[in-house]
Amino acid sequence: MSVKSIKINHSETLRDKYLLSAILLFLYIILFEFVLPVNKILPKPSLLWESLIAVWSYYNFLEEISISTLIIYAGILCSYVVIYSLRVPLLKLLSGLGNAFTRLSFLKYFPAFFYAVLFAYWFPNSPAAEFLFVFVAVTFYLLLSIQQNLNSIPESYILIARNLGVNENRIFKEIVWKKSLPSLFSGLIKIHFLIWILVLLYEFVGDYFGIGHVYNTALQYNDFAGLFSIAIYVAILIWIGSKAIEYSKSKLIYWN
């Protein structure tokens, strides 16, 4: 397939997505503004529009959304920086453990709600504890992604490097780490969405600060339109964060 054909197909796919979105938006406005103005399925478009503006003052949304966003992305960034700084000893440790660390993956089958409740119970009303929660969760999942990728690294790469007299530290830094980066970033893209869910649960249960606290308050006030407005802003933040991670991956990694 030629480059021109790929571009045409990509353009057609985008056009179809925009067209479908426009149709769904039109149907939503017609159906829920005029046909079903009073319902418990979706709020009226006019009411939703008012709510999108009102939540900023009514729920002190700027401060709350800033807290959650800062904690999430600071935790992700710090986790990556720590793993990068300690990449050689960590890779050696993971290689030495074999599949032992991978066996801890059973922990992901515990409901996410459990971890959120546990941390909120241990450290009530603590942004520092929430940051620690994010840092630990991201680090665990990133290390798990790296561990699962180690077996896919061709042994010939390492043997050739050793035959050329390259020392072990450089092998782990230049070969093993770089071959692990695509897996790490792919894992980070998946983890990013999970971390948002965990943080919202954490804040909802703790009910002290953040977007989860706003959700809790809106639910107590039966603010139907407010729940959807908050969800829209959260979806936008998650989309921006995902695109930023994908962009960073495209700029930092040019190999597979």
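Everything that follows concerns the structure shown earlier in this document.
The sections below set out a description of the structure shown in this document. None of these values were measured; they are calculated from a predicted model.

1. Focus on the overall build of the protein
Item 1. Secondary structure summary: the protein contains ten helices and zero strands in total.
Item 2. Order of helices (α) and strands (β) in the protein, N terminus to C terminus: α-α-α-α-α-α-α-α-α-α.
Item 3. The proportion of buried residues among the 256 residues of the protein is 38%.
Item 4. Partitioning the contacts of the protein with sequence separation of at least 6, the portion at a separation of at least 24 is 75%.
Item 5. For the protein, the computed accessible surface area is about 15400 Å², with 69% contributed by carbon and sulfur atoms.

2. Details of unusual backbone geometry
Item 1. Backbone geometry at Asn125 places phi at a positive 55 degrees, although glycine is not the residue there.
Item 2. Mapped onto the fold, Asn125 is located in the loop between α5 (112–122) and α6 (127–150).

3. Description of the nonpolar core
Item 1. Counting 57 residues, the largest nonpolar core has Ile83, Val138, Ile146, Val176, Ile195, Ile211 and Ile230 as the members making the most contacts within it.
Item 2. Once you skip the residues sitting within four places of it in the chain, Ile195 turns out to touch Ile72, Val134, Ala137 and Val138.

4. Describing the environment of Val82
Item 1. When you line up the elements, Val82 lands in helix α3 (residues 61–85).
Item 2. For Val82, a relative accessible area of 34% translates into the label partly exposed.
Item 3. Through-space distance from the C-alpha of Val82 to that of Phe135 is 9.9 Å; in sequence the pair is 53 residues apart.

5. A closer look at helix α9 (residues 210–220)
Item 1. In terms of burial, α9 is largely enclosed, as nine of its eleven residues are buried.
Item 2. If you check which residues of α9 are buried, you get Gly210, Ile211, Gly212, His213, Val214, Tyr215, Asn216, Thr217 and Ala218.
Item 3. Those residues of α9 that are buried lie in contact with α3, α8 (168–206) and α10 (224–252).

Reading the values: rules and limits
Residues numbered from 1 in each chain as written. Predicted model: local features only at pLDDT ≥ 70, side-chain atom pairs only at ≥ 80, totals over all residues. Heavy atoms only, no water. Helix = DSSP H or I, 4+ residues; strand = E, 2+ residues; numbered from the N terminus. Buried < 20%, exposed > 50% of the residue type's maximum accessible area, 1.4 Å probe, protein only. Contact = heavy atoms within 4.5 Å. Areas by Shrake-Rupley, 256 points an atom, 1.4 Å probe, with all protein chains shown as cover. Core = buried A, V, L, I, M, F, W, Y, C linked by side-chain atoms within 4.5 Å.

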